[in-house]
Amino acid sequence: MNKPTTPPPAANFIRNIIEADLAAGKHATRRWGGRPGLATVHAAGQPDQAKIRTRFPPEPNGYLHFGHAKSICLNFGLARQYEGRCHLRFDDTNPEKEEAEYVQSIIDAVRWLGFDWQNETENNLYYASDYFDAMLACAEYLISAGHAYVDSQTADEMRVKRGTLTEPGKNSPYRDRPAAESMELFRRMQAGEFPDGAHVLRAKVDMASPNINMRDPAIYRIRHAAHHNTGERFCVYPMYTFAHPIEDALENITHSICTLEFEDQRPFYDWLLERLAEGGLLLRPLPYQYEFSRLNLTYVVLSKRKLIQLVEEGHVCGWDDPRMPTLVGARRRGYAPEGFKLMMERIGISKSDSLIDYSLLEDCMREVMNDLDERRVAVLDPIKLIITNYPEGKTETCHAPNHPLKPELGKRELPFSRELWIEREDFREIPEKGYHRLYPGGLARLRHAYVARCVGCEKDENGKVTAVLCEYLPETRSGTPGADSVKVKGTLHWLSIAHAHAAEIRLYDRLFKTTAPGAESGDFLADLNPDSCRTLNAWLEPSLQDARPEERFQFERHGYFAVDSDSRPTAPVFNRAVSLRDSWGKSG
C-alpha cells in the first residue's frame, strides 16, 4: 500500500528570522551564568552553548487549550531544530489567580506533547515569582534614574488622564515627584504601609504617545494577597508588561515569541530593556519580541471565559471532558500528540489571522493514528450470527495482524466458534442494490476465518431479527490453499460470543454544531451540539481485556478509540477519538 504524499511544512517566518540571526552571529557573544540572573550573573558565566533560547510562559491560572499547543510546538520545536533551549516559565506574577494545581497540569501537558526543558546540563523550568527580587532592583533603578515615579492618583483619575486613541494623555500631577520621594514611597509600599490601590509605580515614558501602552504604564501595584510560591513575603507585585521583558532578559532569551495581541506592547518591551541595559543591569544583546497569529479553529471556543462557563454551568463534565478543546480533554479523548505537531507544521506560522477548519486537526489525527495504532475488533451494534453447521462446543484460533502495514508487530489470536457477534448493518433480509454483506442466499467472508452463506434468520414476536443463520464453507479458511476458491465481495468483522467482553463505548463528536459558535445567535451555548456524546454497550475482542487508560487502538471499520480514565477491568470504557473518515465534510 502506497502512503499518500506528505505535504511539505508550511511557511514559518520565525524560522527565517532565526536562520538570518544565526548566519549574522547576532547572539554569538551571549554568556550564560548557568541560571537566570542580572548582568553580573551572566557576565561571570561561560559562552552560551545554546544557539538560541526560546520560552513557553503560561500563567498557571487554568488548563492549557489547543491554542497553547501551537505555542508549545513552535517554541520547543524551534529550540530543538536550532540546537537551542526552550524554557518552561510559569508567569506567576498575579497572586490572586494562580494555583499549584495548574502548574502540574501544564507540566504534564508539555511533556505529553513530547517536549522537555531538561538536558544533561540544564533544567530550564522557572517561575517568574523567583525573580521578584531582581524585578524590585530594576524598578528601584528606574526610579533613581528618573525613569519611574510613584503615582498617588486614584485609578479613575489615572484613567481619565490616560487619554484616548485620538487624544493624548495628560501628565500626572505626581510625574515630576523627586526620585528620592518616589523611592521612599516605593519602599514603604514594599513594607506594607499602604492599602491596595493607594499608590502605583509608573514608568515615565510619553503621555502623548499615539501608542497608549507607552503612556506611563503602571509597573508595580500594591496587593495584600498570599502568593502560591512566595507566600506573604511581598505585598507589591509587578505588572505583566514590566515583568515579561525582564523575565526574558534574566533567562537570556533570544527570541521572545508572542501572539499578535502583544504587538502594541513591543515598544515598551524594547524601551524597558534599553533603560535597564543602559544602567548596567542587563547584558546585550537583548531579547527581541516577535508576534505570530494565534490558532483559530471552527466549531471551537478558546475564550477562557467561555470555557469556564461551559465547566461551571455543567454543559461539560469538567476541564478534561473529551469534548473540551483543552489538552487534558484531548489526551483523555485519545488524540495523539503527534497529530497536534503535524497540524502545526501544516498550518505554518504567520502574522495573518486565519480560521482553520477543525477537519484539518481530525485529518492529522487520522494520519498519525493510522500509522501508530494497532488494530482491534469491536462490534458496536451487535446481532448474533449462528453457524448452523459448525460443531457446538468447538473453538478454533484465527490470527489477525496487529497492524497491516507493520508485519514486525506480529499477529494476535481471535477465537472462532459457532456463535458470533456481527454488526447489525451486516445483514439485510431484503438487500438493496450493491449490498455485498449477508442476506438470505448471499455469501460473505468472515474476516481471518471462513466464507459463510446466509440461510435465514430468527425473529422475535415483533418481527425484529434476533439472529442471523449461516453455514460456513470449511475449505475456505483464511491462510489455506482453499481461501480463494470461493470469490466474495463482502467481508465482515466478528467476535466469538463466548470469548468477547462487554464495554461502554463513548462516541464523541464536535461540541458545537456551527463553525462559529454564537456568531449568529449571539449566544454560543445555543449552538451546542446535542449529539456530541453518545454512549453504546458494545463487545470487544479478548486482547482488549487488559488495555490500560490512554492506550489507543483502531477499531476496524469504526475509528480510533482510547481507554478512558474512568475505565476499570470489570467495567471498561473506550472513547472514540476520531472516526475513520470525515463525516462532517470539509466545509462542516
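This structure is a prediction, so every number in the text was calculated from the model and none was measured.

### Remarks on the overall build of the protein chain
Link 1 in the chain: Helix and strand counts for the protein chain come out as 13 helices and 27 strands.
Link 2 in the chain: Over its C-alpha trace the protein chain gives a radius of gyration of 31 Å, far above what one expects of a compact globule, namely 25 Å for 588 residues.
Link 3 in the chain: Dimensions of the protein chain, computed from the C-alpha atoms along their principal axes, are close to 100 × 50 × 40 Å.
Link 4 in the chain: The proportion of buried residues among the 588 residues of the protein chain is 54%.
Link 5 in the chain: Taking all contacts inside the protein chain whose residues are at least 6 apart in sequence as the whole, residues at least 24 apart take part in 70%.
Link 6 in the chain: In the structure as shown, the protein chain presents an accessible area of about 26,300 Å², 49% of it carried by carbon and sulfur atoms.
Link 7 in the chain: For the protein chain, the distance from the average position of its 75 positive side-chain charges to the average position of its 85 negative side-chain charges is 4 Å.

### Quick notes on the side chain of serine 496
Link 1 in the chain: With respect to the helices and strands, the residue serine 496 is situated in strand E22 (residues 495-496).
Link 2 in the chain: For serine 496, a relative accessible area of 3% translates into the label buried.
Link 3 in the chain: Polar side-chain contacts of serine 496 include one of 2.7 Å to the side chain of serine 417.
Link 4 in the chain: Non-local contacts of serine 496, meaning those with residues more than four positions away in its chain, are made with Pro415, Ser417, Glu419 and Leu420.

### Some remarks on the packing of helix H3 (residues 66-81) against helix H12 (residues 337-347)
Link 1 in the chain: Viewed as axis vectors pointing N to C, H3 and H12 meet at an angle of 75 degrees, and their least axial separation amounts to 10 Å. Between H3 and H12, the interaxial angle falls into the category roughly perpendicular. Seen from H3, the contacting residues are Phe66, Ala69, Lys70 and Cys73; seen from H12, they are Phe340, Lys341, Met344 and Ile347.
Link 2 in the chain: Tallied by class, residues from the contact of H3 with H12 come to 6 nonpolar, no polar and 2 charged.

### Here's the deal with the sheet that holds strand E5 (residues 125-127)
Link 1 in the chain: Taken together, the 3 strands give an open sheet; going across it, the order is E3-E4-E5, and neighbouring strands pair in parallel fashion. Lying at the two open borders of the sheet, with one neighbouring strand each, are strand E3 (53-56) and E5. Between one strand axis and the next, the sheet turns by 35 degrees as a mean value, whatever way the strands run.
Link 2 in the chain: Here E3 runs beside strand E4 (residues 85-90); their pairing, made up of 4 bridges, is parallel. When the bridges of E4 are listed, arginine 55 appears paired with histidine 87.
Link 3 in the chain: Helix H4 (residues 100-112) rests against E3, E4 and E5 of the sheet, and its axis sits at about 160 degrees to E4.

### Examining the nonpolar core
Link 1 in the chain: One finds Phe186, Leu201, Tyr220, Phe242 and Leu276 to be the most contacted residues of the largest nonpolar core, which totals 44 residues.
Link 2 in the chain: Elements with a minimum of two residues in this core: helix H5 (132-144), strand E6 (148-151), helix H7 (179-190), strand E7 (200-203), strand E8 (218-222), strand E9 (236-238), helix H8 (240-250) and helix H9 (266-278).
Link 3 in the chain: By residue number, the principal contributor to this core is H5, which donates 9 residues.
Link 4 in the chain: Judged by nonpolar contacts, the second largest core, of 43 residues, contains Cys73, Ala79, Trp117 and Tyr335.

### Focus: the pattern of salt bridges
Link 1 in the chain: Counted under the stated rule, the structure contains 50 salt bridges.
Link 2 in the chain: Between arginine 188 and glutamate 193 there is a salt bridge, and its shortest N-O distance comes to 2.7 Å.
Link 3 in the chain: The class for glutamate 193 is partly exposed, based on a relative accessible area of 45%.
Link 4 in the chain: Between aspartate 320 and arginine 332 there is a salt bridge; the shortest N-O distance is 3.4 Å. Within this pair, whereas aspartate 320 is found in the loop between helix H10 (304-312) and helix H11 (327-333), its partner arginine 332 is found in helix H11, the two being separated by 12 residues in sequence.
Link 5 in the chain: It is possible to trace a salt-bridge network through shared partners that takes in Asp320, Arg332, Glu504, Arg506, Asp564 and Asp566.

### With respect to the sheet that holds strand E25 (residues 552-555)
Strands belonging to one sheet form pairs held by backbone hydrogen bonds; the direction of such a pair is parallel or antiparallel.
Link 1 in the chain: Taken in spatial order, the 7 strands make up an open sheet running E12-E25-E26-E27-E23-E24-E13, and their pairing is mixed. A single partner strand is all that each edge strand has here, and the edge strands are strand E12 (375-376) and strand E13 (378-379).
Link 2 in the chain: Where E12 and E25 come together, 2 bridges link them in parallel fashion. Residue arginine 375 lies in a different strand from E25, and its bridge partner there is glutamine 554.
Link 3 in the chain: Sheet strands in contact with helix H13 (residues 358-372) are E12, E25, strand E26 (559-563) and strand E27 (573-578), and its direction is about 120 degrees off that of E27.

Reading guide: rules and limits
- Residues numbered from 1 in each chain as written.
- Predicted model: local features only at pLDDT ≥ 70, side-chain atom pairs only at ≥ 80, totals over all residues.
- Heavy atoms only, no water.
- Helix = DSSP H or I, 4+ residues; strand = E, 2+ residues; numbered from the N terminus.
- Rg over C-alpha atoms; globule rule 2.2 N^0.38 Å.
- Buried < 20%, exposed > 50% of the residue type's maximum accessible area, 1.4 Å probe, protein only.
- Contact = heavy atoms within 4.5 Å.
- Areas by Shrake-Rupley, 256 points an atom, 1.4 Å probe, with all protein chains shown as cover.
- Lys, Arg positive; Asp, Glu negative; His and termini not counted.
- Charge placed at Lys NZ, Arg CZ, Asp CG, Glu CD.
- Polar contact = N/O pair within 3.5 Å; in protein donor to acceptor, adjacent residues only side chain to side chain.
- Axes fitted to C-alpha atoms, helices over the stretch in contact; angles between N-to-C directions.
- Parallel < 35°, antiparallel > 145°, perpendicular 65-115°, else oblique.
- Nonpolar A, V, L, I, M, F, W, Y, C, P; charged D, E, K, R; others polar.
- Pairing = 2+ DSSP bridges.
- Core = buried A, V, L, I, M, F, W, Y, C linked by side-chain atoms within 4.5 Å.
- Salt bridge = Lys/Arg side-chain N within 4 Å of Asp/Glu carboxyl O.

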